[in-house]
Amino acid sequence: MKVTQEKLPASQIGLEIEVPAEMSKQTYEKVVNNLVKTLRIPGFRPGKVPRQVVIQRFGSKAVHSEVIQELVDVALKDAIKNEKIQALGNFELQSNFEDLVAAFKPGEVLTFKAAIDVQPEVKLSTYQGFKLKAEEAKLDAARVDSTIEGYRNQLATLVPVEGRPVKKGDTATVDYHGRYSPADGGEALDVPGGQATDFTIEVEEGKFIPGFVEGIEGMNIGETKDITVTFPEEYGAEELAGRPATFSITVHDIKEKELPEVDDEFASELSDGEFETIAALREMLTERYQGEADEKTKANKEQAILDELVQHLEVDLPETLIAREVEYMVTQTAMQLQQQGLDVRRFLNEDTVKMMKERSRPDAIDRLKRTMALGEVAKREQLEVPEPELKAKMEETLAEMGEMDIDPDRLRSVLMEDLLKEKILNWIESNSTLELVAEGSLAEITASEVASEAVVEVPATEVEPKAKKTTKKAEEKPAETAVEEKTAEEEKPKAKKTTKKAEEKPAEEEKPKAKKTTKKKS
């Protein structure tokens, strides 16, 4: 079998394969004999149908089509093996299949062309001596105070008040009924989901459509008034987006938060006794936020190195690798959304998956380029992870994960990648000049990048402090209303249980913990 190779764009190799006449004949005979054995025709015993009857019944074109499929498949596999081609994925037949079928004659030479993806050639012009800048994230001491203030709100008691109107920060019990004017100018309609009785609302800006909360401020118990608002242009319900609406609101009850003192008792209650003093709580928070700042600085340095490294890379990525990476990224996104409690089957259909793949493609290409650039550095500098180091890391990670069901082979692979990547980055940094600059002094992250990250990031599960019971059980706020403006990151913490629930909490904060957590690889 004669094989001629040709280098093609996108890391493909073109193959022109000349199938010998004897192979053509043998394959034809094999296909016909298989049809004789399997075809059932009345009046003939199984396997005893004359060849000519089989060909006539099946059709010579269909027979030739089966032969061409067999020949192309076998010839390509033999060519790839004999030529020692490191192939990726499936082949692409470049000859017209119908033309091959029409021209085929048993026992004559068959020539066809195909292309196959191969591992790309990586060219890295340089990987050291870089002059880099990266932003240094520093501890914001005020964040400790704001976090503790957020915890105070979690443990607040809601106390009924009388003799004054609603003010910001209160929790009010209201009835409301909303109506809006449709786009066609017809009679006013009820706002879908815009009616409620004895609804608990926390009077804070930014949690509801603009004007709703502000309209409640200043109202007294028993008062009813109409509030005119306008739904945001980007509101989820299309018929309401950008439309004015009027809500009739009646206030039944007003409560205010009674915040606990910031003392040792507060620290102990908040942490279920893990921190006995407020000083210990502050120390833990300081260490946590310092650790986060250090991790952010490390990530900024890594990004600076990778951005520069890729600038010196030349690689022609094959479509097979890009498609695999895109598939992996979409799968990871679906798994993360599922871990957040979303039923991915409800919105993952052919159209949404296609859209996700299109959006993931640029990132997939970037990821592949970074991986190949790092791999080239490791190859040239012979960087590797010693077995004792990998073993120690596995033992440490397994101890942190406790009794979680872990695939040791998968864990080994992930840790090997992480440790090798860290070695490569450290080598480049030690052989370059990297200057740390003030946070925010380099290019800012665009709004679209922030939104993209928010979709993929999986926040740690929120652990909330126990609430104290007072007069009666707190009532849960309805999951969805037409007036509430919801954000993707915000989770509402529990306050002490009274007649209603105080629901605001900083989105990022968790209940204080001293134990180690394991960071999931993205």
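About the cut-offs
Residues numbered from 1 in each chain as written. Predicted model: local features only at pLDDT ≥ 70, side-chain atom pairs only at ≥ 80, totals over all residues. Heavy atoms only, no water. Helix = DSSP H or I, 4+ residues; strand = E, 2+ residues; numbered from the N terminus. Expected span 1.5 Å × (residues − 1). Contact = heavy atoms within 4.5 Å. pLDDT = per-residue confidence, 0-100. Core = buried A, V, L, I, M, F, W, Y, C linked by side-chain atoms within 4.5 Å. Buried < 20%, exposed > 50% of the residue type's maximum accessible area, 1.4 Å probe, protein only. Lys, Arg positive; Asp, Glu negative; His and termini not counted. Salt bridge = Lys/Arg side-chain N within 4 Å of Asp/Glu carboxyl O. Polar contact = N/O pair within 3.5 Å; in protein donor to acceptor, adjacent residues only side chain to side chain. Axes fitted to C-alpha atoms, helices over the stretch in contact; angles between N-to-C directions. Parallel < 35°, antiparallel > 145°, perpendicular 65-115°, else oblique. Left-handed = near helix turned anticlockwise from the far one by under 90°. Nonpolar A, V, L, I, M, F, W, Y, C, P; charged D, E, K, R; others polar.

**Student:** An account of helix 11 (residues 387–401) is requested, with residue identities and associated values reported.
**Tutor:** Between the first and last C-alpha of helix 11 there are 21 Å, a value that for 15 residues agrees with the 21 Å anticipated at 1.5 Å per step. Lining the buried residues of helix 11 we find helix 12 (408–430). Of the residues flanking the end of helix 11, it is Gly 402, one or two places downstream, whose phi is positive at about 65 degrees.

**Student:** Could you give me a rundown of the confidence of the model for the chain, with the residues and numbers involved?
**Tutor:** When pLDDT is averaged along the chain, the result is 83, and 84% of the positions lie at 70 or above. Here residues 445–482 scores under 50 on pLDDT; set against residues more than four positions off or in separate chains, the count is 77 contacts. In this model residues 513–522 is a low-confidence stretch, pLDDT under 50, and it forms 16 contacts with partners more than four residues away in sequence or in other chains.

**Student:** Go over unusual backbone geometry with me, naming the residues and quoting the values.
**Tutor:** Positive phi outside glycine occurs at Asp 272, with the angle close to 55 degrees. Mapped onto the secondary structure, Asp 272 falls in the loop between helix 7 (264–270) and helix 8 (278–311). Backbone geometry places Gln 382, a non-glycine residue, at a positive phi of 55 degrees. Mapped onto the elements of the fold, Gln 382 is located in the loop between helix 10 (350–381) and helix 11.

**Student:** Quick rundown of the nonpolar core? Include the residues and the values.
**Tutor:** In this structure, Ile 17, Val 19 and Phe 112 are the most contacted members of the largest nonpolar core, which totals 34 residues. With 9 residues, helix 3 (residues 60–82) is the largest single contributor of residues to this core. Val 19 has contacts with Ser 24, Leu 71, Ala 75, Val 109, Leu 110 and Phe 112, leaving out every residue within four places of it along the chain. Met 356, Ile 424, Leu 425 and Ile 428 belong to the second-largest nonpolar core, a separate cluster that totals 28 residues.

**Student:** Which residues make up the side chain of Asp 117, and what values go with them?
**Tutor:** Position of Asp 117 relative to the elements: it lies in strand 4 (residues 110–118). For the buried Asp 117, no salt bridge exists, and the shortest N-O distance to an oppositely charged side chain is 8.0 Å, to Arg 324. Separated by 3.0 Å, the side chains of Asp 117 and Gln 12 make a polar contact. Once you skip the residues sitting within four places of it in the chain, Asp 117 turns out to touch Ala 10, Ser 11, Gln 12, Gln 86, Ala 87, Leu 88, Pro 318, Glu 319 and Thr 320.

**Student:** Tell me what's going on with the packing of helix 11 against helix 12, and back it up with residues and numbers.
**Tutor:** Relative orientation of the contacting elements helix 11 and helix 12 amounts to 120 degrees, with a least axis distance of 10 Å. By the angle class used here, helix 11 and helix 12 are oblique. Crossing geometry of helix 11 relative to helix 12 is assigned as right-handed. In this structure, helix 11 contributes Glu 387, Glu 389, Leu 390, Lys 393, Met 394, Thr 397 and Leu 398 to the contact, and helix 12 contributes Pro 408, Leu 411, Arg 412, Leu 415, Met 416, Leu 419 and Lys 423. Along the lines of polarity and charge, the residues of the contact of helix 11 with helix 12 split into 8 nonpolar, 1 polar and 5 charged.

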